[in-house]
Amino acid sequence: MEEITPDSPIYQVRIGLNSMELLKHFESWLIAQNLSVATVRSHVRQVRSFLTWFGRSIEDLSSFDIACYLAECRKRGLSEASVNRYASALKKFLRFLASYFRARRRVELANYFEQVYREVKVPKYDLVEVSIKRHMEPDTARKVIDLIHDPYWKCFFAVLYETGLRLRELRQ
């Protein structure tokens, strides 16, 4: 068996680099991805929650562990949309880990986390379910549109309502 030294690829994971240090790097990586402040905060909080629950070395992480954690989230009563957000944040964390270790020439770990990333599935759900259509009846939407005098904003709201888009999606 090979001795673990500071030059060993796995050394920093087992000994020097704890999960909270990785979380700081993850936060910086998310910011570099040009995500909104709220999204960054949310992803960091969700991954921190997972890492606290996980409680082991990051190299022991598997898709099975993530599936167990998401099942635990469901048992705690989180909605499917919330569980999906946790799954999405954890997938981003796995993508970050692959990138992080590849940049440090730890190819085995990078490949491992890419494989785990591919194994974790995030169920898709209808965006209309979380859109304005879910919260507003058609006659109420018509009344709101009738109250808007500026044609630009009238059109903006009508498109937003009819397509079920979120504001951020419409801006893009």
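Rules used throughout
Residues numbered from 1 in each chain as written. Predicted model: local features only at pLDDT ≥ 70, side-chain atom pairs only at ≥ 80, totals over all residues. Heavy atoms only, no water. pLDDT = per-residue confidence, 0-100. Contact = heavy atoms within 4.5 Å. Axes fitted to C-alpha atoms, helices over the stretch in contact; angles between N-to-C directions. Helix = DSSP H or I, 4+ residues; strand = E, 2+ residues; numbered from the N terminus. Parallel < 35°, antiparallel > 145°, perpendicular 65-115°, else oblique. Left-handed = near helix turned anticlockwise from the far one by under 90°. Nonpolar A, V, L, I, M, F, W, Y, C, P; charged D, E, K, R; others polar. Expected span 1.5 Å × (residues − 1). Buried < 20%, exposed > 50% of the residue type's maximum accessible area, 1.4 Å probe, protein only. Arc of directions from axis to C-beta. Core = buried A, V, L, I, M, F, W, Y, C linked by side-chain atoms within 4.5 Å.

## Here's the deal with the confidence of the model for the protein
In this model, the protein carries an average pLDDT of 79, and 77% of its residues clear a pLDDT of 70 or more. Per-residue pLDDT stays below 50 along residues 1–16; that stretch engages in 24 contacts with residues further than four places along the chain or on separate chains. Scored below 50 in pLDDT, residues 126–131 shows 10 contacts in the model against residues more than four places distant or in partner chains.

## Digging into the packing of helix 2 (residues 19–32) against helix 3 (residues 37–54)
At a closest axis distance of 10 Å, the pairing of helix 2 and helix 3 adopts a crossing angle of 160°. If you check the angle between helix 2 and helix 3, you find them roughly antiparallel. Crossing angle aside, the handedness with which helix 2 passes helix 3 is right-handed. Contacts between helix 2 and helix 3 involve S19, M20, L23, F26, E27, L30 and I31 on the former and, on the latter, V40, H43, V44, V47, R48 and L51. Looking at the contact of helix 2 with helix 3 residue by residue, the class counts come to 9 nonpolar, 2 polar and 2 charged.

## A word on helix 6 (residues 107–119)
Given 3.6 residues per helical turn, the α-helix brings residues three or four places apart onto the same face. Its 13 residues place the ends of helix 6 18 Å apart at the C-alpha level, agreeing with the 18 Å of an ideal helix rising 1.5 Å per residue. Three or more residues of helix 6 are buried, namely L109, A110, F113 and V116. Buried residues along helix 6 cover an arc of 125° about the axis, so they all sit on one side.

## Description of the nonpolar core
Grouped together as the largest cluster of nonpolar side chains are 34 residues, with contacts concentrated most on F26, L61, L97 and F113. Elements with a minimum of two residues in this core: helix 2, helix 3, helix 4 (63–75), helix 5 (80–103) and helix 6. For this core, the element with the highest residue contribution is helix 5, accounting for 12 residues. Apart from the residues within four sequence positions on either side, F26 is in contact with H43, V44, V47, A89, K92, F93 and F96.

## With respect to unusual backbone geometry
Positive phi values are uncommon outside glycine, yet N34 reaches one of about 65°. When you line up the elements, N34 lands in the loop between helix 2 and helix 3. Accessibility expressed as a relative area gives 66% for N34, which makes it exposed. A positive phi angle, near 60°, is found at R105, a position not held by glycine. Summarising the element assignment, R105 is placed in the loop between helix 5 and helix 6. The exposure class assigned to R105 is exposed, which follows from its relative accessible area of 74%.

## Let's talk about helix 2
The terminal C-alpha atoms of helix 2, which comprises 14 residues, lie 20 Å apart, in line with the 20 Å expected from a rise of 1.5 Å per residue. If you check which residues of helix 2 are buried, you get L22, L23, F26, W29 and L30. Buried residues in helix 2, looked at end-on, bunch into an arc of 120°, giving them a common side. Facing away from the buried side of helix 2 by over 90 degrees, the exposed positions are K24, I31 and A32. Positioned one or two residues after helix 2, N34 has a phi angle of 65°, which is positive.

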